[in-house]
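Take a look at the letters that make up each chain.
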Amino acid sequence: MKKKQFAPLVICNVEGEGMIQSRHSHTYYEIIYVQKGSGTHILNQNRLPYKTGDLFLICPEDEHCFDYKKYTCVTLIKFTDEFFSSQNQSIPHVGIVFSPQDLMRHKLLKEIKLTFDEPFKTILRSTIDNITTYNGSTDIATCPYIFYQILSLFGLITQALGRIDAQLVNCPPGKQELISYIHQHIYEPENILIKNVAAHFNIATSYFSAWFKRNFDISYRDYINGYRVKLIEIRIGNKTSTLSQIAEEFGFTDVSHLSNYFKKQTNINASHYGRI
């Protein structure tokens, strides 16, 4: 089932039996904030436990549903491409590396739950409350106040994502724009070749490796391998993808290529990972 929406922005609360339990997709983007309740959010092939205060991002390519154990109420912020494209000139470029739509599609956020520490957890809840309180008082799709409140959510999401990235590779994010670019394209081997990354950021190819090592205290090759291996470990650990599917997703020629790479990086057979 694919739910459709033509309005640029819709904000609503849904609870209990009003929540669709069958797996479905949308023609729009959806930010889901859990006001109360607990259970499991099934997002694509991943089962993510949720509780009060959690936040999920759904894009048109996703399929999801909720399997709730305790009575659940969520706030939905649903928007189309038109909502941000019509106000594109108003989006500040400082602090938000990805566009809102890119963040909504970020693959890592379909597998790992965002976590917010204080004071950001309180700020997140307050921002959601501000949006829902103001909802209905005017034309929300063109209201600057609503627009910037929603944009601030993406600032919080970007910060939380940066913390996840740093934890995965045990390396400070440093030059966040470069790191975010690498993480966004980690599934596309051609795009993270040194010559292509260097060209994208206008850094001389011959200078890039030394520049990266000086700025991040780790070689570019080791950084890429560390991050890729962590993502592969997550895929295998989730037990929702076959090795063949993982190999295809990360650009390996076949399962043998993936297995040899994984064994070289971790000294563990990919087929045995998760059983240890």
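For the structure itself, look to the data block above.
Residues numbered from 1 in each chain as written. Predicted model: local features only at pLDDT ≥ 70, side-chain atom pairs only at ≥ 80, totals over all residues. Heavy atoms only, no water.

### A few points about the overall build of the chain
- Across its full length, the chain holds 10 helices and 7 strands.
- Look at the contacts in the chain between residues 6 or more apart in sequence, and 70% of them connect residues 24 or more apart.
- For the chain, the exposed area adds up to about 13800 Å²; of that, 51% sits on carbon and sulfur atoms. (Helix = DSSP H or I, 4+ residues; strand = E, 2+ residues; numbered from the N terminus. Contact = heavy atoms within 4.5 Å. Areas by Shrake-Rupley, 256 points an atom, 1.4 Å probe, with all protein chains shown as cover.)

### Some points on the packing of helix α5 (residues 176-184) against helix α7 (residues 205-216)
- Contact geometry of α5 with α7 gives a least axis separation of 12 Å together with a crossing angle of 110°. Classified by the angle between their axes, α5 and α7 sit roughly perpendicular to one another. When the axes of α5 and α7 are compared, the crossing they make is left-handed. Residue-level contacts link L178, I179 and I182 of α5 to W211, F212 and F216 of α7. (Axes fitted to C-alpha atoms, helices over the stretch in contact; angles between N-to-C directions. Parallel < 35°, antiparallel > 145°, perpendicular 65-115°, else oblique. Left-handed = near helix turned anticlockwise from the far one by under 90°.)

### Quick word on the pairing of strand β5 (residues 46-51)
- Side-chain alternation along β5 places N46, L48 and Y50 on a buried face and R47, P49 and K51 on a face that remains uncovered.
- Note: strand β4 (residues 29-43) against β5, 6 bridges, orientation antiparallel. Residue pairing in the sheet places T40 in a bridge with P49 of β5.
- If you look at the hairpin formed by β4 and β5, you'll find 2 residues sitting between the two strands, and N44 has a positive phi there, around 55°. (Buried < 20%, exposed > 50% of the residue type's maximum accessible area, 1.4 Å probe, protein only. Pairing = 2+ DSSP bridges.)

### Comments concerning the packing of aromatic side chains
- If you walk through the whole model with that rule in mind, you get 22 aromatic pairs.
- Look at F79 and F84: their rings are 5.2 Å apart centre to centre, the planes differ by 80°, and that puts the pair in the edge-to-face class. Across the pair, F84 and F79 agree in class, each one buried. (Phe/Tyr/Trp six-rings, centres within 6.5 Å; stacked < 30°, edge-to-face > 60°.)

### Let's talk about the pairing of β4
- Counting buried positions over the 15 residues of β4 gives 14, a clear majority of the element.
- Two elements, β4 and strand β7 (residues 64-79), share 13 bridges in a ladder whose sense is antiparallel. The partner of H41 across the bridge, within β7, is F66.
- Pairing analysis gives 4 bridges linking β4 to strand β6 (residues 55-58), with the strands arranged antiparallel.

### Notes on the nonpolar core
- Formed by 66 residues in total, the largest nonpolar core has its most connected members in L9 and F212.
- The biggest single contributor to this core is helix α4 (residues 144-169), with 11 residues.
- Discounting chain neighbours no more than four positions away, the residues touching L9 are I77, K78, F79, F83, I140, A141, I146 and I150.
- One finds M19, V34, L48 and F66 within the second-largest nonpolar core, a separate group that totals 12 residues. (Core = buried A, V, L, I, M, F, W, Y, C linked by side-chain atoms within 4.5 Å.)

### A word on the side chain of H41
- Among the structural elements, H41 can be located in strand β4.
- With relative accessibility at 0%, the residue H41 sits in the buried group.
- Separated by 2.9 Å, the side chains of H41 and H64 make a polar contact.
- When neighbours within four sequence positions are excluded, H41 is seen to be in contact with N46, R47, L48, Y50, F56, I58, H64, C65 and F66. (Polar contact = N/O pair within 3.5 Å; in protein donor to acceptor, adjacent residues only side chain to side chain.)

### As for unusual backbone geometry
- Residue E118 is joined to P119 through a cis peptide bond whose omega torsion reads 5°.
- Mapped onto the secondary structure, P119 falls in the loop between α2 (100-105) and α3 (120-134).
- Positive phi outside glycine occurs at N267, with the angle close to 65°.

### Looking at the environment of Y223
- Inspection of the secondary structure assignment puts Y223 in helix α8 (residues 220-238).
- Given a relative accessible area of 2%, Y223 falls into the buried group.
- In this structure, the C-alpha to C-alpha distance between Y223 and K213, residues 10 residues apart in sequence, is 9.6 Å.

### Side note on the environment of L48
- With respect to the helices and strands, L48 occurs in strand β5.
- L48 gets classed as buried once you look at its relative accessible area, which sits at 7%.
- Taking the C-alpha atoms as reference points, L48 and E111, separated by 63 residues in sequence, lie 7.4 Å from one another.

### Remarks on the pattern of salt bridges
- The tally for this structure, following the rule as stated, stands at 8 salt bridges.
- Salt-bridge contacts for D62 lead to K110; the nearest nitrogen and oxygen are separated by 2.7 Å. Placement of D62 in the loop between β6 and β7 and of K110 in the loop between α2 and α3 is noted, with a sequence separation of 48 residues between them. Just as D62 is buried, K110 falls in that class too.
- Residues E111 and R235 are paired through a salt bridge, measuring 2.3 Å at the closest nitrogen-oxygen approach. (Salt bridge = Lys/Arg side-chain N within 4 Å of Asp/Glu carboxyl O.)

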